[in-house]
Amino acid sequence: MQPRAAIGLGAVSAAWVLSVGFDLLLHAGLLARLYVQPGPFLLDPDAAFRRIPAGYLSFLVITLAVAWLVRRLDVRGAGAGFRLGATAGLVAWGAFLLGLWSISTARPALLAGWWLGQSVETGLAGAVCGAAAGGMPMPRLWRRVGLAVAACVALTVLLQSLGFAPAMRVESNRIVSARRAPNRMGMR
């Protein structure tokens, strides 16, 4: 029997970087329209923007947990790592968001988007850790992560440029949506 593969700092860092890159696509691209709709649940864009580092730190905690699971369960390979990470994400994020739904005014569409998107994000972290555990050399792993993050950034810019996602802009030290959502009376 082979010994368990080590998942080092390089692999965990690569998994975290990919999580952050996909998170940009998820929230600034795919789910961006859900953030400009008025409602009491979400912070205003300026306050939310200031808290982004805390959110990214939470992804590091999740990435460390996924790396631990990959090692503990002796998962090897990107596909197996993705399946493990996505399954763990579906369970953990599903439970968290069900609890959040029970005590908040969050819209079901936003919660569903978070559930599925964050589960994919956790799966991607698992894929990187699984690839490392399967013996993929670090330079090759980092090249793939770099290409994937570049693709996430490019797709986010494309979605915003084509109008599928509202672009955000900095305006006198504030973050605002380039396109405001209609207010409760349907007016912009």
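Please read all numbers here as calculations on a predicted model, not as lab measurements.

Thresholds applied
- Residues numbered from 1 in each chain as written.
- Predicted model: local features only at pLDDT ≥ 70, side-chain atom pairs only at ≥ 80, totals over all residues.
- Heavy atoms only, no water.
- Helix = DSSP H or I, 4+ residues; strand = E, 2+ residues; numbered from the N terminus.
- Expected span 1.5 Å × (residues − 1).
- Buried < 20%, exposed > 50% of the residue type's maximum accessible area, 1.4 Å probe, protein only.
- Contact = heavy atoms within 4.5 Å.
- Core = buried A, V, L, I, M, F, W, Y, C linked by side-chain atoms within 4.5 Å.
- Axes fitted to C-alpha atoms, helices over the stretch in contact; angles between N-to-C directions.
- Parallel < 35°, antiparallel > 145°, perpendicular 65-115°, else oblique.
- Left-handed = near helix turned anticlockwise from the far one by under 90°.
- Nonpolar A, V, L, I, M, F, W, Y, C, P; charged D, E, K, R; others polar.

Visitor: Quick rundown of helix 5 (residues 78-103)? Include the residues and the values.
Guide: The first and last C-alpha atoms of helix 5 sit 37 Å apart over 26 residues, in line with the 38 Å expected at 1.5 Å per residue. Every buried residue of helix 5 is listed here: Gly81, Leu84, Gly85, Ala86, Gly89, Trp93, Gly94, Leu97 and Leu100. Those residues of helix 5 that are buried lie in contact with helix 4 (52-72) and helix 6 (108-133).

Visitor: An account of unusual backbone geometry is needed here, citing residue identities and associated values.
Guide: In this model, Asp74 sits at a positive phi of 55°, which is unusual for a non-glycine residue. As for its position among the elements, Asp74 is in the loop between helix 4 and helix 5.

Visitor: I'd like a description of the nonpolar core, backed by residues and values.
Guide: Among the nonpolar cores identified, the biggest contains 21 residues, and Ile7, Val70, Val128, Cys129, Leu141 and Val145 are the most heavily contacted of them. Where this core is concerned, the elements lending two or more residues are helix 1 (9-30), helix 4, helix 6 and helix 7 (138-161). Sort the elements by how many residues they give to this core and helix 6 lands first, with six residues. Among all residues touching Val145, those that are not within four sequence positions of it are Ala14, Val17, Leu18 and Val128. In terms of nonpolar packing, the next biggest core, distinct from the first, is built from 15 residues, Leu26, Ala32, Leu110 and Leu159 among them.

Visitor: Report on the packing of helix 1 against helix 4, specifying residues and quantitative values.
Guide: As a packed pair, helix 1 and helix 4 sit with axes 9 Å apart at the nearest point and diverge in direction by 135°. Here helix 1 is positioned oblique relative to helix 4, judged by the angle of their axes. With respect to the hand of their crossing, helix 1 and helix 4 are arranged in right-handed fashion. Between helix 1, through Val12, Ala15, Trp16, Ser19, Val20 and Asp23, and helix 4, the contact on the second element is made entirely by Tyr56, Phe59, Leu60, Thr63, Leu64 and Ala67. Of the residues that constitute the contact of helix 1 with helix 4, the class distribution is nine nonpolar, two polar and one charged.

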